Amino acid sequence: MRTSFLSDDTICAVATAPGMGAIAVVRLSGPQSHDIVCRLFYRNGKPFPKERIEGHRAYYGQIICNDDVLDEVVVTFFKAPHSFTGEDSVEISVHGSVFIQQRLLELLVEAGARMAMPGEFTRRAFVNRKFDLAQAEAVADIIASQSEAAHRLAMNQLKGGFSKELQVLRSKLLEITSLIELELDFSEEDVEFADRTQLKSLLGETQSHIAKLIASFKQGNAIKNGIPVAIVGETNTGKSTLLNALLEEDRAIVSDIAGTTRDTIEEVMNLDGILFRFIDTAGIRETDETIEKIGIERTLRKLNEADIVLGLIDATKDAQAQRTAAQTILEKVDQSHQTLLLLLNKSDLCQKPAHDTDLLISAKTGEGLDLLREKLVEIGKKLMGTQNEVLVTNVRHFEALKHASESLSAVSKGLDDGIPTDLVAQDLREALYYLGSITGEITTDEVLGSIFGRFCIGK
Ligand SMILES: Nc1nc2c(ncn2[C@@H]2O[C@H](COP(=O)(O)OP(=O)(O)OP(=O)(O)O)[C@@H](O)[C@H]2O)c(=O)[nH]1
Ligand SMILES: [Mg+2]
């Protein structure tokens, strides 16, 4: 059940990016929002009467305080429930001076509004059932989207594509529940009333549906946060130089001292519409140094999590050393779900490669990097696959689905082991609870606080 959050107060905030801009939009929402704005808003030198407000209409006029004109503005009024939040609300477009924005907020607060908390507009929209929680989170994803694919995914979630999928799952679970409850009702008569075959097949179907969604997280996460590309290799092979070259900026420290990079460094970059998350790592070598050891452990973790591994080999080393280095990397990559590109770096210092690699590059001069980018895009496109299905992109949803799946496994096992039906029903309720937590049918103030707290103010 959604916790009630009926607002009797009116909130205000700057909705546009902080700082100076051509224009800025100040937003209000709540029962007094029209009254408050009408106290400050003048047209043709006269206060604008609230009775004249038409919803969804923009009015040109002035914000006046103590006979001084603060700014010429365009005010758009929205009448409940036909607004983003579902409440009476107003958007005031002002000239984007920081002073005007601040002063207008002060005036609004003096007139009875309160500064909004992060995400409070969207939270109100959720509470007023403008959309469910997964859709509210999509609003944040749309704002954060950095590529066409991420944008499309967030849009689909906002339109309710993901929510619809969950509804299908939910109705399947409810069907299972009713089959089990039927059995519960007749338990005294000691009969297995429900059709177990039907129950089992429905359960299996639901489980594989959830498993499919869980599996989609890898792709969804790659689209949203970038395909993880780990740059690994021995120390001094030029990993940090390569990161800098790919990003076209001096992001990581480069030096000829082996063991320069200790911590992992991550940066996203859009190549041909696909988002990549490049991860520079600490060079792999035997060491007794505590901090470097921790760094190398991190390298191995990042290597495991990566979809693409760029294995760097120093072209100035002799053939045997190169082979050993390649072997070390090969052993650590799981090619069943990771793509490895072995790169022979420092081509500018060697005449010809000692053995076959995927690519000969020079991170320093840029030789071979165009080809590398092309290969990355090619692999990225394959990883992205077809994109019209519903994908899980949010860790919170991913976790909830995993919990739901565990609960369903317990239901399955319970049925197989002949556990009393009322206990099985308990696991089923748990699965329903986890699914409900995604769309927000079941939430707590704490959960809402943590979700909307991550939004920006004015959203
Ligand atoms: N000539 C030449 N030098 C390079 C190239 N790539 C890197 N270097 C040099 O190799 C040295 C090591 O480069 P880094 O990028 O710091 O190597 P790394 O793999 O990050 O090293 P660690 O962080 O210590 O593991 C530096 O002196 C770089 O300038 C290259 O393509 N050609
Ligand atoms: Mg480095």
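Residues numbered from 1 in each chain as written. Chains lettered and ligands numbered in written order. Predicted model: local features only at pLDDT ≥ 70, side-chain atom pairs only at ≥ 80, totals over all residues.

Around ligand 1, 23 residues are found, and the nearest of them are Gly238, Ser240, Thr261, Gly283 and Lys364. Take the shell around ligand 1: its biggest share by element is three residues, from helix H9 (residues 239–247). Here the residues of the shell around ligand 1 are counted per class, giving five nonpolar, 13 polar and five charged. (Near = placed C-beta within 6 Å. Helix = DSSP H or I, 4+ residues; strand = E, 2+ residues; numbered from the N terminus. Nonpolar A, V, L, I, M, F, W, Y, C, P; charged D, E, K, R; others polar.)

Quick look at the sheet that holds strand E1 (residues 11–14) now. Across the sheet, eight strands lie side by side as E4-E3-E5-E6-E7-E2-E1-E8; this open sheet has mixed pairing. One side of each edge strand has no neighbouring strand; the edge strands of this open sheet are strand E4 (46–47) and strand E8 (114–115). Examined bridge by bridge, strand E3 (residues 41–43) and strand E5 (residues 57–65) share two bridges and lie antiparallel to one another. Residue Tyr42 lies in a different strand from E5, and its bridge partner there is Gln62. (Pairing = 2+ DSSP bridges.)

With that settled, consider the nonpolar core. Judged by nonpolar contacts, the single largest core of 107 residues is most densely connected at Val37, Val229, Ile231, Val309, Ala431 and Leu435. If one sorts the elements of this core by residue count, helix H14 (residues 421–439) sits on top with seven residues. Not counting residues up to four positions away in its chain, the partners in contact with Ile231 are Lys239, Leu242, Leu243, Phe278, Ile279, Asp280, Thr281, Leu310 and Leu312. (Core = buried A, V, L, I, M, F, W, Y, C linked by C-beta atoms within 7 Å. Buried ≥ 20, exposed ≤ 12 C-beta atoms within 10 Å, placed from the backbone. Contact = placed C-beta atoms within 7 Å.)

Secondary-structure assignment places Asp71 in strand E6 (residues 68–78). Aside from chain neighbours lying at most four places away, what touches Asp71 is Ile63, Val94, His95 and Ile100.

Bringing the pairing of strand E10 (residues 265–271) into the picture now. Two strands pair when backbone bridges link them, and E10 and strand E11 (residues 274–280) are joined in this way by seven bridges, in the antiparallel orientation. Bridge assignment links Leu271 to a residue of E11, and that residue is Ile274. The turn joining E10 and E11, which pair antiparallel and follow one another in sequence, is formed by two residues; a positive phi near 55° is taken by Asp272.

Attention shifts here to the domain arrangement of the protein. The domain architecture assigned to the protein consists of domain 1 (11–131), domain 2 (139–216 + 392–439) and domain 3 (238–264 + 284–384). Between domain 2 and domain 3, the C-alpha centre-to-centre distance is 42 Å. (Domains from an automatic or database assignment.)

Attention now goes to the pairing of strand E9 (residues 227–233). Summarising burial for E9: seven of the seven residues are buried, a large majority. With burial as the criterion, each face of E9 is covered, one bearing Ile227, Val229, Ile231 and Gly233 and the other bearing Pro228, Ala230 and Val232. Strand direction decides the pairing type here: E9 and E11, joined by five bridges, are parallel. For Ile227, the partnering residue across the bridge sits in E11 and is Phe276.

It is worth spelling out the sheet that holds E11 at this point. Taken together, six strands build an open sheet; the order of strands is E10-E11-E9-E12-E13-E14 and the sheet is mixed. Taken across any chain shown, the strands that pair with only one partner, and hence form the sheet edges, are E10 and strand E14 (359–360).

Further remarks concern helix H12 (residues 369–384). Counted at 1.5 Å a residue, the expected span for H12 with its 16 residues is 22 Å, and the 22 Å between its end C-alpha atoms agrees. Just downstream of H12 lies Gly385, where phi reads positive at about 55°. (Expected span 1.5 Å × (residues − 1).)

Attention now moves to unusual backbone geometry. In the segment running from Ala80 into Pro81, the intervening peptide bond is cis, with an omega of 0°. Of note, the phi angle at Asn236 is positive, near 65°, even though the residue is not glycine. Within the secondary structure, Asn236 sits in the loop between E9 and H9. Of note in this structure, Glu248 is not a glycine but carries a positive phi near 55°. Here Glu248 lies in the loop between H9 and E10.

This brings us to the packing of helix H7 (residues 196–215) against helix H13 (residues 395–416). Taken N-terminus to C-terminus, the directions of H7 and H13 make an angle of 155°; their axes are 10 Å apart at the nearest point. One element, H7, and the other, H13, form an angle in the roughly antiparallel class. Here H7 runs over H13; the crossing is left-handed. When H7 is examined against H13, the residues Lys200, Leu203, Thr206, Gln207, Ile210, Ala211, Leu213 and Ile214 are found in contact with a partner set consisting of Phe398, Leu401, Lys402, Ala404, Ser405, Leu408, Val411, Ser412 and Leu415. Tallied by class, residues from the contact of H7 with H13 come to eleven nonpolar, four polar and two charged. (Axes fitted to C-alpha atoms, helices over the stretch in contact; angles between N-to-C directions. Parallel < 35°, antiparallel > 145°, perpendicular 65-115°, else oblique. Left-handed = near helix turned anticlockwise from the far one by under 90°.)

The next thing to look at is the environment of Cys456. Counting through the fold element by element, Cys456 comes out in the segment after helix H15 (445–452). The class of Cys456 is partly exposed, set by 14 C-beta atoms lying within 10 Å. It is 13 Å that separates the C-alpha atoms of Cys456 and Cys12, two residues lying 444 residues apart in sequence.

So, about the packing of helix H3 (residues 120–127) against helix H4 (residues 133–144). Two quantities define a packed helix pair, namely the angle between the axes and the distance from one axis to the other. Direction vectors running N to C along H3 and H4 enclose 155°, while the axes themselves pass 10 Å from each other. One way to sum up the angle between H3 and H4 is to call them roughly antiparallel. The two elements H3 and H4 meet at a crossing, and its hand is right-handed. Packed against H3, whose contacting residues are Thr122, Ala125 and Phe126, the element H4 presents Leu133, Ala136 and Val139 at the interface. Grouping the constituent residues of the contact of H3 with H4 by class yields five nonpolar, one polar and no charged.

So, on to helix H8 (residues 217–225). The buried fraction of H8 is high, at seven of nine residues. Residues Phe217, Gln219, Gly220, Asn221, Ala222, Ile223 and Lys224 constitute the buried set of H8. Structurally, H8 contributes buried residues whose contacts are with H4, helix H5 (148–158), H7, E9, H12 and H13. Backbone geometry just after H8 places Gly226 at a positive phi near 100°.

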